[in-house]
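Reading the structure
Here's the letter readout for the chains.
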Amino acid sequence: MRWRADGWPPSCSHQAPADRLGPSHKIIRIVALLRAAIARHRFGRPAAVAVALYLTAVAVAAGYDDGQWFVIVATAGFWPWDDGARVLLAAIGVLNAWALWQILRGPPAQRAGALPRDVVWLRRLLYADVAGDMLFWELLELISDVVQDAASRIVWAATMVLLVRTLAGVSARFRIIALGLGLTGVLAATLRSFAEVPLLTSSLLVAMAALGCKAMIIIGQGRDGRFSAVTLAIGWTALLVPQVYSLLQVERVRFDGLSLVVHTLDGLIVVWAARTAHELAAPRPGAAAPGTGRTPRLLAAAVVMLVLPMAVVGAERDARLTYTAAGEGCRDRLRPAAGLGLAERRRSFLCVARGETFAADAMFPADLPDQRVLAYGTELCALPAERERNALHERAGGTADTIELAAALEYLCPGIVARQSAEADRRQAESDRQEAAWKAEMNARCADPWPGVRARRQGTAAYILSEGGGYAVFDDRDDSVGDPGDIHGLGDEVADVFDAVEDGFIDVVGSSAAILTNGDTTMCLTVKAFNRAPPLRLTGWEEVVEVGITSRSGRLVVPTYPRGGDNGAAGPLPDLAIAGPGHYRLRIYARTLPWDENDPDAPLEEHLLVVHPGRSTEKIVHRPRG
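The structure contained in this document is the topic of the report that follows.

Rules behind the numbers
Residues numbered from 1 in each chain as written. Predicted model: local features only at pLDDT ≥ 70, side-chain atom pairs only at ≥ 80, totals over all residues. Heavy atoms only, no water. Helix = DSSP H or I, 4+ residues; strand = E, 2+ residues; numbered from the N terminus. Buried < 20%, exposed > 50% of the residue type's maximum accessible area, 1.4 Å probe, protein only. Contact = heavy atoms within 4.5 Å. Areas by Shrake-Rupley, 256 points an atom, 1.4 Å probe, with all protein chains shown as cover. Pairing = 2+ DSSP bridges. Disulfide = S-S within 2.5 Å. Core = buried A, V, L, I, M, F, W, Y, C linked by side-chain atoms within 4.5 Å. Phe/Tyr/Trp six-rings, centres within 6.5 Å; stacked < 30°, edge-to-face > 60°. Lys NZ or Arg CZ within 6 Å of the ring centre and 35° of its normal. Axes fitted to C-alpha atoms, helices over the stretch in contact; angles between N-to-C directions. Patch = residues over 30% accessible without salt bridge, like charges linked within 9 Å, V, L, I, M, F, W, Y side chains within 5 Å. Salt bridge = Lys/Arg side-chain N within 4 Å of Asp/Glu carboxyl O. Lys, Arg positive; Asp, Glu negative; His and termini not counted. Charge placed at Lys NZ, Arg CZ, Asp CG, Glu CD. Parallel < 35°, antiparallel > 145°, perpendicular 65-115°, else oblique. Left-handed = near helix turned anticlockwise from the far one by under 90°. Nonpolar A, V, L, I, M, F, W, Y, C, P; charged D, E, K, R; others polar. Expected span 1.5 Å × (residues − 1). Bend = angle between axes of the 7 residues up to and from the residue.

Focus: the overall build of the chain
Across its full length, the chain carries 19 helices and ten strands. Counting only residues that meet the buried cut, the chain has 41% of its 626 residues in that class. Contacts in the chain between residues far apart in sequence, at least 24 positions, make up 72% of those at least 6 positions apart. As displayed, the chain offers around 32900 Å² of accessible surface, 59% of which is attributable to carbon and sulfur atoms.

A few points about the sheet that holds strand 10 (residues 620–623)
Ordered by their spatial adjacency, seven strands build an open sheet running 7-1-5-9-8-6-10, and the pairing between neighbours is mixed. The sheet is open, and its two borders are formed by strand 7 (568–569) and strand 10, each paired with just one other strand. Inspection of the sheet shows strand 1 (residues 457–464) paired to strand 5 (residues 523–529) by seven bridges, in the antiparallel sense. Across the sheet, Q458 pairs through a bridge with K528, a residue of strand 5.

Describing the state of the cysteines
By definition, a disulfide links the sulfur atoms of two cysteines through a covalent bond. Throughout the structure, instances matching the rule amount to one disulfide. For C446, the disulfide goes to C524, at an S-S distance of 2.0 Å. Handedness of the C446-C524 disulfide follows from its S-S torsion of about -80 degrees: it is left-handed. Taken together, the residues C446 in the loop between helix 18 (414–443) and strand 1 and C524 in strand 5 connect sequence positions 78 residues apart. By the burial criterion, C446 is buried, and C524 matches it.

Brief notes about the nonpolar core
Membership of the largest hydrophobic core comes to 43 residues, with the highest contact counts inside it found for M160, I217 and W272. Elements with a minimum of two residues in this core: helix 4 (86–104), helix 5 (117–143), helix 6 (145–166), helix 7 (172–191), helix 8 (199–223), helix 9 (229–248) and helix 11 (268–280). In this structure I217 touches W156, M160, L163, V164, L167 and W272, once residues within four positions along its chain are discounted. M523, L525, V527 and A569 belong to the second-largest nonpolar core, a separate cluster that totals 29 residues.

Examining the environment of R563
Its place among the elements puts R563 in the loop between strand 6 (543–551) and strand 7. Distance from R563 to D432, taken between C-alpha atoms, is 8.1 Å for residues 131 residues apart in sequence.

Points about the packing of aromatic side chains
This structure, assessed with the given rule, holds four aromatic pairs. Each ring, one from W438 and one from Y561, has its centre 5.8 Å from the other, and the planes form 65 degrees; the classification is edge-to-face. One end of the pair, W438, is in helix 18; the other, Y561, is in the loop between strand 6 and strand 7, and 123 residues separate them in sequence. Both rings, one in Y463 and one in Y471, keep their centres 5.4 Å apart while their planes meet at 50 degrees; by these two values the pair is tilted. By relative accessible area, which is 1% here, Y463 ends up buried. For Y471, a relative accessible area of 1% gives the class buried. In this arrangement the basic side chain of K214 is found over the ring face of W156, its NZ or CZ atom lying 5.5 Å from the centre. Positioned above the aromatic ring of Y376, the side-chain terminus of R372 is 4.9 Å from the ring centre.

Considerations on the sheet that holds strand 4 (residues 512–515)
Strands sit in the order 2-4-3 across an open sheet of three strands; the sheet is antiparallel. Of all the strands in the sheet, the pair left with one neighbour each is strand 2 (471–474) and strand 3 (506–509). Sheet twist, expressed as the average angle between the axes of neighbouring strands with direction ignored, equals 15 degrees. For strand 2 and strand 4, the ladder comprises four bridges, and the chain directions are antiparallel. Within the sheet, the bridge partner assigned to F474 lies in strand 4 and is S512.

A word on a negative patch on the surface
A grouping of D492, E493, D499 and E502 is seen on the molecular surface, where their side chains present a negatively charged patch. Looking at where E502 falls in the secondary structure, it is placed in helix 19 (residues 497–503). We classify E502 as exposed; its relative accessible area is 68%.

Brief notes about the packing of helix 5 against helix 6
Across the interface, helix 5 lies against helix 6 with an axial gap of 9 Å and an inter-helix angle of 160 degrees. Taken together, the axes of helix 5 and helix 6 are roughly antiparallel relative to one another. In the packing of helix 5 onto helix 6, the handedness of the crossing is left-handed. Here the residues of the contact of helix 5 with helix 6 sort into 14 nonpolar, four polar and five charged.

Remarks on a nonpolar patch on the surface
A cluster of nonpolar side chains, contributed by M134, L135, F136, L139, L142 and I143, occupies part of the molecular surface with about 650 Å² of accessible area. The residue M134 is located in helix 5 in this model.

Observations regarding helix 5
The end-to-end C-alpha distance of helix 5, which contains 27 residues, comes to just 33 Å, noticeably less than the 39 Å that a straight helix rising 1.5 Å per residue would cover. Of all the bends in helix 5, the greatest, near 65 degrees, is centred on G132. Buried residues of helix 5: D118, V119, L122, R123, L125, L126, D129, V130, G132 and W137, and no others. On its buried side, helix 5 packs onto helix 4, helix 6 and helix 11.

Some remarks on the pairing of strand 5
The buried fraction of strand 5 is high, at seven of seven residues. Here strand 5 shows no split at all, with M523, L525, V527 and A529 on one side and C524, T526 and K528 on the other all buried. Pairing geometry for strand 5 and strand 9 (residues 605–613), over six bridges, is parallel. Each residue of the ladder has a partner; that of C524, found in strand 9, is E606.

Everything listed here is a matter of coordinates, which is why it stays silent on function.
See below:
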């Protein structure tokens, strides 16, 4: 069947209103429009096939493995998966399909004769830049970061020079300013690793110069007659949206749906470059003719300006240390970051970053060049949240805890780290306040079971038990044996909970005792120290056992719950060795507390420890467990 020139099949009436067409006619109309769009571009058919394959992959990923691959295929990246973001991911997938079509479809099938040599070379460079952004720069980075940076900057510099030159409808002053900004941005990005200027200053210089150059190029495209309004809109969107978003996202976590959208819009700069190259092949009627002739001298000058500083600096191995470890003894020469110059702060950062952490691991991989370590440090300084810094550090192959990493970054970005440390201190203070309130609430549920019997030293507190239960009474300054407070030590020199299990209640070895509990929930614990043995009171207690224990240093304590710990008394309890070093008798009372349905967090067990001087080591069971 032959199709009419307007895209309709011969059997369809051209005068029929679109809203009266049946479903089959609408489908035919859509297919006709798609065929016409494909036919209008030189590579329309392979581009349409590529887009169809991509959309098919997105659709398959949406239903595979509960959509876990959907985010990867739809966004061409790794983002946190959220099942509620399917609509957003689908929209991004459609936008990426449209972008793929814009890039791959090529210029119009009908070309307007031979193009000037400058335009030919400009189109080649634009396509090279597009191919680099989509694939080649990533591949080069696997080989060498230096090669990747140099190739991408040289291609962009040459593209910028030719693009500024071939713009029609702009003045010579406009071209000079745009070219000056562009070359400033490229040179600053190339030399900022070697120049002794603050990192923030160099980064702002690069960003502002590059942004200004690109903005002037898009303005120049608007004055030129060859570029469509869609191309200009894409260019402005890709240029401005990420900048505005970065200003609005200070001190906020960026891994969210909005950041994913901005990341996608940022990628439209590739679409802008591709459309610019496409439209250069078909100048609009009446457009001012671009420059003709040989490759402009400005391009040769730009290449010289880029290559000459590299030649002056020399090869990478001559410019900076590469694949080195920290110098021997450099930590002994470290000084506070305040007052140090940039070069000394960088050396100090490398000293700390190249050294081992508390876990005996390298903070950064040993085979990572020093300049790459500095680059990672600069990126870490720019991240607002501790979680983001730790994630980037792990991706870089580094290992260090938050305190160690902050200590190293203190030399690169002391101001930023100080603010982040202040925020961390504020969060820690709030955590301490909440923990103190929680301890006070737990302690309020416990009371002295012998309020009428006053001891020389006494105290009552809630005791938070770790998994498996059990607690210790021990001499915390007895260094003649292993850790006497570690009831899970499984050693013969100190008491442990496993021997207490065999006994049924308690294990005593020298200066330590391990005592069993009925479970691992919070219990109430009261301690009382007397000068002599108090009367034996059995009423109300389910188990009472008395043993001998020794204090070599003159201390007998129950451990206090530490910050971030897992067991210990929620309040301070006194030293029970009231007579100093020597032998003591330890009497333990234990009973189960009734369940309180109005307070499900109330303790279900209570212990009373009575200590007094005594030389006997005999174990006496006053009341066995019933």
